[in-house]
Amino acid sequence: MAQDPTKSNRDPDLKNWGGIREAILKKKIKAHLNELKAYWYMPVPGGYGTQTVDFLCCLNGRFLGIETKSTGQKPTPRQMLSMQAIRNAGGVAFWCDSFESFYQQWKAIAEAIR
């Protein structure tokens, strides 16, 4: 598995208020998914079809949905329903508002599906 990217004690992408913007978080997640050679797709919201989460991924044959939020933000009810639909279909879904939160959840899932 890749080196633990949460070990850095200095993150230039953090804002003065201690939060991280969603766009920066998505960029970090994309880099991590690429490093692991996971398949991932970010659907473009456009009002057509079923609404879903920010990332749809496949790792070792398991379907994963990831919703990203800016620090301190929470998913909307619609996003929570999308995550529940993924779980109901046998996939794994979670949300995160920091890279550390993403990484800890991702690590636990990756270890469970080896």
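This text follows the structure it describes.
So, here is what we can say about the structure in this document. Owing to the predicted nature of the structure, the values given are computational and were not obtained by experimental measurement.

**Description of the packing of aromatic side chains**
For any pair of aromatic rings, geometry is given as the distance between the ring centres together with the angle between the planes.
Phase 1: Evaluation of the coordinates by the stated rule reveals five aromatic pairs.
Phase 2: Ring geometry for Phe 99 versus Phe 102: centroids 5.4 Å apart, planes at 45 degrees, classification tilted. Here the residue Phe 99 and the residue Phe 102 both occupy positions in helix α3 (residues 99–112), the gap between them amounting to three residues, near one helical turn. Of the two residues, Phe 99 and Phe 102, neither departs from the other in class, the shared state being buried.
Phase 3: Here a set of aromatic residues connected by ring pairs shows up, and it is made of Phe 94, Phe 99, Phe 102, Tyr 103 and Trp 106.

**Details of the environment of Ala 23**
Phase 1: Relative to the helices and strands, Ala 23 resides in helix α1 (residues 22–35).
Phase 2: Sequence separation of Ala 23 and Lys 69 is 46 residues, and the distance between their C-alpha atoms is 8.9 Å.

**With respect to the sheet that holds strand β1 (residues 39–41)**
Phase 1: Ordered by their spatial adjacency, four strands build an open sheet running β1-β2-β3-β4, and the pairing between neighbours is mixed. Looking at which strands have only one partner, the edges of the open sheet turn out to be β1 and β4 (92–96). Put simply, the sheet's adjacent strands are angled 20 degrees from each other on average, direction ignored.
Phase 2: Note that strand β3 (residues 62–68) and β4 share five bridges and pair parallel. Considered in β4, the bridge of Ile 66 is made with Phe 94.

Procedures and definitions
- Residues numbered from 1 in each chain as written.
- Predicted model: local features only at pLDDT ≥ 70, side-chain atom pairs only at ≥ 80, totals over all residues.
- Heavy atoms only, no water.
- Phe/Tyr/Trp six-rings, centres within 6.5 Å; stacked < 30°, edge-to-face > 60°.
- Helix = DSSP H or I, 4+ residues; strand = E, 2+ residues; numbered from the N terminus.
- Buried < 20%, exposed > 50% of the residue type's maximum accessible area, 1.4 Å probe, protein only.
- Pairing = 2+ DSSP bridges.
- Axes fitted to C-alpha atoms, helices over the stretch in contact; angles between N-to-C directions.

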